[in-house]
Amino acid sequence: MSSKTPAKIRRAVQKRARDVCEYCLLPDIGALFDHQIDHIISRKHGGETKLENLALACWRCNLYKGTDWRLY
């Protein structure tokens, strides 16, 4: 599967998250970089690209998590 999240799914994740990082609650507006779509369970661990496994994440939270799941 492509690493790019389909636009329809991306919009659904953004709407659910109300355009804030779902980990630290930083609003996308005014953030240094656009928020990213994060696989909660990464693809390398069998995570799927479906709404239930995706979160809107700021670059810092997404970078911190990397490809492995951690408790904050």
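All values reported here derive from a predicted model rather than from experimental measurement.

1. Here's the deal with the overall build of the chain
Looking only at helices and strands, the chain has two helices and two strands in total. Mapped in sequence order, the helices and strands of the chain form the string α-β-β-α. Counting the 72 residues in the chain, one finds 31% classified as buried. When contacts within the chain are restricted to residue pairs at least 6 apart in sequence, those whose partners lie at least 24 apart make up 50%. Accessible area of the chain: about 5300 Å², with a carbon and sulfur share of 58%.

2. Observations concerning the pattern of salt bridges
Under the criterion given, the structure shown has two salt bridges. With a shortest N-O distance of 4.0 Å, Lys50 and Glu48 are connected by a salt bridge. By relative accessible area, which is 47% here, Glu48 ends up partly exposed.

3. Some remarks on helix H1 (residues 7-17)
Taken residue by residue, H1 has Val13, Gln14 and Ala17 as its buried positions. Buried residues along H1 cover an arc of 95 degrees about the axis, so they all sit on one side. Of the residues in H1, the exposed ones pointing more than 90 degrees away from the buried face are Lys8, Arg11 and Lys15. Those residues of H1 that are buried are in contact with strand E1 (36-39) and strand E2 (54-57). Once H1 ends, the next one or two residues include Arg18, with phi positive near 55 degrees.

4. A word on the packing of aromatic side chains
What the rule picks out here adds up to one aromatic pair. Between the aromatic rings of Phe33 and Trp59, the centroid separation amounts to 5.9 Å while the plane-to-plane angle is 85 degrees, which identifies the pairing as edge-to-face. Here Trp59 lies in helix H2 (residues 59-65) and Phe33 lies in the loop between H1 and E1, a separation of 26 residues in the sequence.

5. Details of the nonpolar core
Of all hydrophobic cores here, the largest spans five residues; its members are Val13, Ala17, Ile37, Leu54 and Leu56. Here Leu56 is in contact with Val13, Gln14, Ala17, Asp19, Val20, Cys21, Glu22, His35, Gln36 and Ile37, once residues within four sequence places are set aside.

About the cut-offs
- Residues numbered from 1 in each chain as written.
- Predicted model: local features only at pLDDT ≥ 70, side-chain atom pairs only at ≥ 80, totals over all residues.
- Heavy atoms only, no water.
- Helix = DSSP H or I, 4+ residues; strand = E, 2+ residues; numbered from the N terminus.
- Buried < 20%, exposed > 50% of the residue type's maximum accessible area, 1.4 Å probe, protein only.
- Contact = heavy atoms within 4.5 Å.
- Areas by Shrake-Rupley, 256 points an atom, 1.4 Å probe, with all protein chains shown as cover.
- Salt bridge = Lys/Arg side-chain N within 4 Å of Asp/Glu carboxyl O.
- Arc of directions from axis to C-beta.
- Phe/Tyr/Trp six-rings, centres within 6.5 Å; stacked < 30°, edge-to-face > 60°.
- Core = buried A, V, L, I, M, F, W, Y, C linked by side-chain atoms within 4.5 Å.

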